[in-house]
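Structural characterization, general
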Amino acid sequence: MSKVTEVVEELAAPICQELGIELVEIEYVKEGKSWFLRVYIDKDNGVDIEDCGLVSERLGEKLDEIDPIPHNYFLEVSSPGAERPLKKQKDFEKAIGKNIFIKTYEPIDGEKSFEGTLLEFDGQIVKLEIKIKTRKKTIDIPYEKVAAARLAVTFS
């Protein structure tokens, strides 16, 4: 499966770059009896249906040309959503000042889940300001201990 995502990334990256769109993530998953190739894209002001359609059309043509997937699948191109995953270091850098959710591989201060404002990221340490009841606390999370991270929507 990872070979499929690598091939699709090689095809999708130049298409997205040409259109001024960021390639966020590629998933190739089986759900029930069907296979789905999901391509998540974004740009500074968000993507719209036209952006998704354009990437889908161009990528679909390239996939038809080289045919890297031997069976039927559904191609879906969409926004990663308001709670987009933070996968790469540059994702963390762009999220400074935003509310994020992090799960860690092992407990830090007895916890494995954290939500708060990303204060800093230096490539090694994720500095997060979290709220515990009425007080704020800053916690340093080693980047290599981050199992999963995403933007977190807050309602004020």
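Here, every reference points to the structure presented above.
Here's a quick rundown of the structure. (Residues numbered from 1 in each chain as written. Predicted model: local features only at pLDDT ≥ 70, side-chain atom pairs only at ≥ 80, totals over all residues. Heavy atoms only, no water.)

A short note on the packing of aromatic side chains
Applying the stated criterion across every chain yields a total of five aromatic pairs. Each ring, one from Phe36 and one from Phe74, has its centre 5.3 Å from the other, and the planes form 25°; the classification is stacked. Linking Phe36 in strand β2 (residues 34-42) with Phe74 in strand β3 (residues 74-78), this pair joins segments that are 38 residues apart in sequence. Given the relative accessible area of 14%, Phe36 is considered buried. A relative accessible area of 46% places Phe74 in the partly exposed class. Seen from their ring centres, Phe121 and Tyr143 are 5.3 Å apart, and the 55° between their planes marks the pair as tilted. (Phe/Tyr/Trp six-rings, centres within 6.5 Å; stacked < 30°, edge-to-face > 60°. Helix = DSSP H or I, 4+ residues; strand = E, 2+ residues; numbered from the N terminus. Buried < 20%, exposed > 50% of the residue type's maximum accessible area, 1.4 Å probe, protein only.)

Digging into helix α2 (residues 49-66)
With 18 residues, α2 ought to run about 26 Å at 1.5 Å a step, and its terminal C-alpha atoms sit 26 Å apart, in line with that. Inspection of α2 places Asp51, Cys52, Val55, Leu59, Gly60 and Leu63 among the buried residues, and these make up the whole buried set. Buried positions in α2, seen along its axis, are confined to an arc of 150° and lie on one side of it. Every exposed residue of α2 that faces more than 90 degrees away from the buried side is listed here: Glu50, Glu57, Asp64 and Glu65. Buried positions along α2 lie against α1 (2-19), β2 and β3. N-capping of α2 is provided by Asp48, with a side-chain oxygen placed 3.1 Å from the backbone N of Glu50. (Expected span 1.5 Å × (residues − 1). Arc of directions from axis to C-beta. Contact = heavy atoms within 4.5 Å. Polar contact = N/O pair within 3.5 Å; in protein donor to acceptor, adjacent residues only side chain to side chain.)

Observations regarding the packing of α1 against α2
Interhelical geometry of α1 versus α2 gives an angle of 145° and a closest axis separation of 10 Å. The handedness of the crossing between α1 and α2 is right-handed. Two secondary-structure elements touch here, α1 through Val7, Val8, Leu11, Ala12, Ile15, Cys16, Glu18 and Leu19 and α2 through Leu54, Val55, Arg58, Leu59, Lys62, Leu63 and Ile66. Considered class by class, the residues forming the contact of α1 with α2 number twelve nonpolar, no polar and three charged. (Axes fitted to C-alpha atoms, helices over the stretch in contact; angles between N-to-C directions. Left-handed = near helix turned anticlockwise from the far one by under 90°. Nonpolar A, V, L, I, M, F, W, Y, C, P; charged D, E, K, R; others polar.)

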